[in-house]
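Structural features, examined
Letter by letter, the chains look like this.
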Amino acid sequence: MKRIVRLGIWIGLLICPVVHADPILTAVPTLFYGLPGETVGWGFEVINDTTNYLLFDSSAFCQIAQDPQYTTCTQTLGTYNDLIANNATEVAPLTTLIQPYDPTQNPALGLGTYNIIASAMVGQSDIGQIIASYDQYDGDPFNGGNEVVGDTEVSTPAGVVVTPEPSQWILLALSLAAIWGFRKTGQQRTGAAERRQLR
């Protein structure tokens, strides 16, 4: 009987999936629309489903195949500035931290900012990912906790799309209204001419 129980336990251990907890990082919003020369910023949500404290030490906006541990991350339409590490962001075990982008604070709060170059063309985009690096501690890192795992990465999709300036939208709207007005006037003239011919 003991053999059957042990065999059952071994089979159960082999069949059961291993539960592995990894933090989840989400950029808020994932995709940003901005004007040439504008600075846009991401907030974030971190779900820490580990039993350790997380302390973020860097973040970078990278193209899809880039990783800041092995290559220099590049941006095609501007420059990325880290906020999550600059604010010494700490996430307690088994909690979720939500931080909206807030440029009014000093330093600004959030995941990071992207300064779009002034020469960026409407419709251009820089689609990639934000990779954040963190260390894990067995207690509060600012109150005597010991580092137990270092330099771990987590990533989230992110992108920037250049949109036209509001004044360009106004010109476009006025142009469309004028075209619609001329078309409407032309239809009324055509309709009146057709009615005269029918008489």
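Whatever comes next refers back to the structure up there.
Residues numbered from 1 in each chain as written. Predicted model: local features only at pLDDT ≥ 70, side-chain atom pairs only at ≥ 80, totals over all residues. Heavy atoms only, no water.

In total, this model carries one disulfide according to the counting rule given. A sulfur-sulfur distance of 1.9 Å marks the disulfide that ties Cys62 to Cys73. Between Cys62 and Cys73, the S-S dihedral sits near 75 degrees, and the bridge is therefore right-handed. Pair noted here: Cys62 is in strand β4 (residues 53–62) and Cys73 is in the loop between β4 and β5 (78–82), with a separation of 11 residues, a long-range link. When its relative accessible area of 16% is taken as the criterion, Cys73 is described as buried. (Disulfide = S-S within 2.5 Å. Helix = DSSP H or I, 4+ residues; strand = E, 2+ residues; numbered from the N terminus. Buried < 20%, exposed > 50% of the residue type's maximum accessible area, 1.4 Å probe, protein only.)

Taken as a whole and judged by the stated rule, the model has seven aromatic pairs. Where Phe56 meets Tyr134, the ring centres are 5.6 Å apart and the plane angle is 55 degrees; that geometry is what we call tilted. You can see Phe56 sitting in strand β4 and its partner Tyr134 sitting in strand β9 (residues 125–137), a full 78 residues away along the chain. Note on accessibility: Phe56 and Tyr134 belong to one class, buried. Among the aromatic residues, ring-to-ring pairing joins Phe32, Trp42, Phe61, Tyr80 and Tyr114 into one connected group. (Phe/Tyr/Trp six-rings, centres within 6.5 Å; stacked < 30°, edge-to-face > 60°.)

With that settled, consider the sheet that holds strand β10 (residues 147–162). The strand order across the open sheet built from five strands is β2-β10-β9-β4-β6, with neighbouring strands paired in mixed fashion. In the strand order of this sheet, the two ends are held by β2 (31–34) and β6 (90–91), each with one partner. Pairing analysis gives four bridges linking β2 to β10, with the strands arranged parallel. Of the residues in β10, the one forming a bridge with Phe32 is Val160. (Pairing = 2+ DSSP bridges.)

What follows is about the side chain of Asp82. Here Asp82 is to be found in strand β5. The class of Asp82 is buried, set by a relative accessible area of 14%. Of the polar contacts made by the side chain of Asp82, one reaches the backbone nitrogen of Ile84; its length is 3.5 Å. Among all residues touching Asp82, those that are not within four sequence positions of it are Ser58, Ser59, Leu111 and Gly112. (Polar contact = N/O pair within 3.5 Å; in protein donor to acceptor, adjacent residues only side chain to side chain. Contact = heavy atoms within 4.5 Å.)

Counting through the fold element by element, Thr39 comes out in strand β3 (residues 39–48). The partly exposed category is assigned to Thr39, whose relative accessible area is 39%. Each C-alpha atom, one on Thr39 and one on Pro103, is 9.9 Å from the other, the two residues being 64 residues apart in sequence. Ignoring anything within four residues of it in the chain, the contact list for Thr39 reads Thr113, Tyr114 and Asn115. Here the side chain of Thr39 touches Asn115 through a polar contact of 2.6 Å, side chain to side chain.

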